[in-house]
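# Observations on the three-dimensional arrangement
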Amino acid sequence: MENQPKPVKELTYNQAIGELDSILRTMQSDSCDIDKLTAYTRRATELLRECRSRLTATDEELRSILEDLENN
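What counts and what doesn't
The numbering scheme is per chain: residues are counted from 1 as the chain's sequence reads. The predicted origin of the model limits local features to residues at a pLDDT of at least 70 and limits the giving and counting of side-chain atom pairs to 80 or more, whereas totals for whole chains, interfaces and linings rest on all residues. Values reported for side chains reflect all heavy atoms of the structure, with hydrogen atoms and water molecules removed beforehand. Helix and strand definitions follow DSSP, with helices as H or I runs of at least four residues and strands as E runs of at least two, each counted in order from the N terminus. Counting of polar contacts relies on pairs of N or O atoms within 3.5 Å, with two restrictions inside protein: one atom must be capable of donating a hydrogen and the other of accepting it, and residues adjacent in sequence are counted only when both atoms are side-chain atoms. Any two residues having at least one pair of non-hydrogen atoms within 4.5 Å are treated as being in contact. Given the number of residues in a helix, its expected span is that number minus one, multiplied by 1.5 Å. The rule is simple: take the accessible area with a 1.4 Å probe, protein chains only, and divide by the maximum for that residue type; under 20% is buried, over 50% is exposed, in between is partly exposed. Taking the helix axis as origin, the arc is that swept by the directions to the C-beta atoms. Should a side-chain nitrogen of Lys or Arg be within 4 Å of a carboxyl oxygen of Asp or Glu, the pair is scored as a salt bridge.

Glancing now at the environment of S29. Examined against the element boundaries, S29 turns out to sit in the loop between α1 (13-28) and α2 (37-71). At 2.9 Å, the side chain of S29 forms a polar contact with the backbone oxygen of T26.

What follows is the structure, encoded as C-alpha cells:
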C-alpha cells in the first residue's frame, strides 16, 4: 500500500478490488506491520464502502432499464 493512496472515488472498480486484494494479502502475511494494521483496516473499509455503493447503483440502474423494457 502506498504512503499517499489515490482517493477511492478516483479509482475504477477493478482498481479498488485489486487494492483490497493487496491489503488482504498484506494483512494475512507473517510480515504484516502491526503498527499499520489500523491504516490498512481503514483503507479497506473505505474501498469496500465505495465498491458496495457502485454495485448498488449499477443494480438499481439495471433494474430501471429492464423495467423500461418491460413497459415498452
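What follows covers the side chain of E50. You can see E50 is positioned in helix α2. Sequence-distant contacts of E50, defined by excluding residues within four places in its chain, comprise V8 and K9.

What follows covers α1. Helix length check: α1 (16 residues) gives 23 Å between terminal C-alpha atoms against 22 Å at 1.5 Å per residue, within 8%. By the burial criterion, the buried members of α1 are A16, E19, L20 and I23. Considered in projection along α1, the buried side chains sweep an arc of 105 degrees and stay on one side of the axis. Summarising the geometry of α1, the exposed residues directed more than 90 degrees from the buried face are N14 and Q28. Contacts made by the buried residues of α1 are with α2.

A few words on the pattern of salt bridges. With the rule as written, the count across this model stands at five salt bridges. The residue E50 makes a salt bridge to K9 at a minimum N-O spacing of 3.0 Å. You can see E50 sitting in helix α2 and its partner K9 sitting in the segment before α1, a full 41 residues away along the chain. What makes E50 buried here is its relative accessible area of 11%. Across the salt bridge formed by R54 and E50, the nearest N and O atoms sit 2.8 Å from each other. Of this pair, R54 and E50 are both found in helix α2, four residues apart, which corresponds to roughly one turn of the helix.

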